[in-house]
Amino acid sequence: MITNNHTGNFSIQATNIWAGTTDNSARAWLNQAIKLAKIVKHQEKVMSYADLVLAPHIPHTGQQAVYVKNTLVTKFTPQVAKKITDILNNFNSLGIELRYIGGALNTVSSSDTAWTCRKAEGFIALWTNKNDAVEANKIFEPLLKLGAGVYGAYSSDLSSKENARVWPNHIASKIKAIAIKGDPDKLFNQGRNISPDNSRKS
């Protein structure tokens, strides 16, 4: 997560994970991350995946206080980095989140599931106050033009334009057909809308 301190400096909170046996290879990779910049606080721990991703077990009210925009990129190119820098320098965001998502995710065909961005290696998300949604959409647009799609469950933008980035037409039509067949009474009517008549959400 990258944030602008508005003092000419940026703060970065990074989590680097090595999945597997802790050996010399792991140490070599983690040491590279440590050398990227000045480290203010550093912590290392060996833990299970269950302990790493703990379930909070708290009530979910659905009243999210932030607004999030995201895009998936096939590469973290200099152009992508420039657009991220522009946002950090010109918009009072809560932060920019970056994730590497390559690997096993890329081994599945883009036509096999509703997740179509199987060539993506990077994920970029802008976090801001929900009151700044209009400005956030505008300033994030240049990054969207460089992206390969959008992760729908991580986007606060429920517009039809955003839906088309989440599900291209050939995928959206499959999802709609399944929804019509499996839920003719429209019991599941919350979330992202895929119907032109606004009668069904999925």
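Please read all numbers here as calculations on a predicted model, not as lab measurements.

Draft legend 1. Just the overall build of the chain, in detail. Secondary structure assignment for the chain yields 6 helices and 5 strands. Secondary structure elements of the chain, listed N to C terminal, follow the sequence β-β-α-α-β-α-β-β-α-α-α. Summarising its shape, the C-alpha atoms of the chain cover approximately 55 × 40 × 35 Å along the three principal directions. By the burial criterion, 29% of the 202 residues in the chain qualify as buried. Taking the intrachain contacts of the chain between residues at least 6 apart in sequence as the baseline, contacts between residues at least 24 apart amount to 65%. Roughly 14100 Å² of accessible area belongs to the chain as shown, and the carbon and sulfur atoms make up 55% of that amount. Here the chain carries 24 positive and 15 negative side-chain charges, and the mean point of each set is 3 Å from the other.

Draft legend 2. A look at the pairing of strand β5 (residues 122-129). Counting buried positions along β5 gives 6 out of 8 residues, so the element sits mostly inside the fold. Sheet topology places strand β3 (residues 66-73) next to β5; 8 bridges connect them, and they run antiparallel. Considered in β5, the bridge of L72 is made with F123. With 6 bridges joining them, strand β4 (residues 95-100) and β5 adopt antiparallel strand pairing. Across the sheet, R99 pairs through a bridge with F123, a residue of β5.

Draft legend 3. Just the packing of aromatic side chains, in detail. The tally for this structure, following the rule as stated, stands at 5 aromatic pairs. Ring geometry for Y151 versus Y154: centroids 5.9 Å apart, planes at 15 degrees, classification stacked. A relative accessible area of 22% means that Y154 is categorised as partly exposed. What links up through ring pairs into an aromatic cluster is the set W115, F123, W127, Y151 and Y154.

Draft legend 4. Structural detail: the layout of surface pockets. Volume-wise, the second largest pocket comes out at about 370 Å³. Forming the boundary of the second largest pocket are 13 residues, of which Q64, A153, Y154, S155 and S156 lie nearest the centre. Here the lining of the second largest pocket is built from residues that sort into 6 nonpolar, 7 polar and no charged.

Draft legend 5. Fine view of the side chain of S93. Mapped onto the elements of the fold, S93 is located in the loop between α3 (78-90) and β4. In this structure the side chain of S93 is engaged in a polar contact, spanning 3.4 Å, whose partner is the backbone nitrogen of G95. If we ignore the near neighbours within four places in the chain, the residues touching S93 are L126, W127 and T128.

Draft legend 6. Local environment of the pattern of salt bridges. Considering all chains together, one arrives at 9 salt bridges under this definition. Between D157 and K69 there is a salt bridge whose closest N-O contact spans 3.0 Å. Note that D157 is positioned in the loop between α4 (133-146) and α5 (160-166) and K69 in strand β3, a separation of 88 residues in sequence. The exposure classification of D157 matches that of K69, with both residues buried. For E97, the salt bridge identified is with R99, shortest N-O distance 2.4 Å. Residue classification places E97 among the buried residues on the basis of a relative accessible area of 7%. Residue classification places R99 among the partly exposed positions, given a relative accessible area of 42%.

Draft legend 7. Focus on the packing of α3 against α4. For the pair α3 and α4, interaxial distance at closest approach is 9 Å and the crossing angle is 170 degrees. Overall, the two elements α3 and α4 adopt an arrangement that is roughly antiparallel. Contacts between α3 and α4 involve Q79, V80, K83, I84, I87 and N90 from the former and I139, F140, P142, L143 and L146 from the latter. Residue composition of the contact of α3 with α4, by class: 8 nonpolar, 2 polar and 1 charged.

What counts, and at which threshold
Here, residues in each chain are numbered from 1, in the same order as that chain's written sequence. In keeping with the predicted nature of the model, local features appear solely for residues at pLDDT of at least 70, side-chain atom pairs appear and are counted solely at 80 or more, and the whole-chain, interface and lining totals rest on all residues. Only heavy atoms go into the side-chain values, all of them from the structure, while hydrogens and water stay out. Segments assigned H or I by DSSP are reported as helices when at least four residues long, segments assigned E as strands when at least two residues long, and all are numbered from the N terminus. Under the scheme applied here, a residue whose accessible area is under 20% of the maximum for its type counts as buried, over 50% as exposed, and between as partly exposed, the area being computed with a 1.4 Å probe on protein chains only. Contact criterion: two residues are considered in contact whenever any of their non-hydrogen atoms come within 4.5 Å of each other. Here the Shrake-Rupley method, with its probe set to 1.4 Å, supplies the accessible areas, and only the displayed protein chains count as covering residues. The charge count treats Lys and Arg as positive and Asp and Glu as negative. His and the chain ends do not count. To locate a charge, take NZ of a lysine, CZ of an arginine, CG of an aspartate or CD of a glutamate. Two strands form a pair only when DSSP identifies at least two bridges running between them. Paired rings are identified among Phe, Tyr and Trp, the last through its six-membered ring, by centres lying within 6.5 Å, and are further divided according to the angle between planes into stacked (under 30 degrees), edge-to-face (over 60) and tilted (the rest). Of the grid points, spaced at 1 Å and generated over the protein atoms alone, those admitting a 1.4 Å probe that cannot get out make up cavities, while open sets with protein on both sides within 12 Å along at least five of seven lines make up pockets; any residue with an atom within 4 Å of a point is treated as lining. Grid points are joined across faces, edges and corners, and a volume is the space filled by probe spheres set on the points. All residues other than Ala, Val, Leu, Ile, Met, Phe, Trp, Tyr, Cys, Pro, Asp, Glu, Lys and Arg, Gly among them, are scored as polar; the first ten of these are nonpolar and the last four charged. Identification of polar contacts relies on pairs of N or O atoms within 3.5 Å, with a donor-acceptor requirement for protein atoms, meaning one able to donate a hydrogen and the other able to accept it, and with residues adjacent in sequence counted only if both atoms are side-chain atoms. Salt bridge criterion: a side-chain nitrogen from Lys or Arg within 4 Å of a carboxyl oxygen from Asp or Glu. Whenever a helix is involved, its axis is fitted only over the stretch in contact; in every case the axis is a line through C-alpha atoms, and angles between N-to-C directions fall within 0 to 180 degrees. Orientation is classified from the angle alone, with under 35 degrees giving roughly parallel, over 145 giving roughly antiparallel, 65 to 115 giving roughly perpendicular, and any other angle giving oblique.

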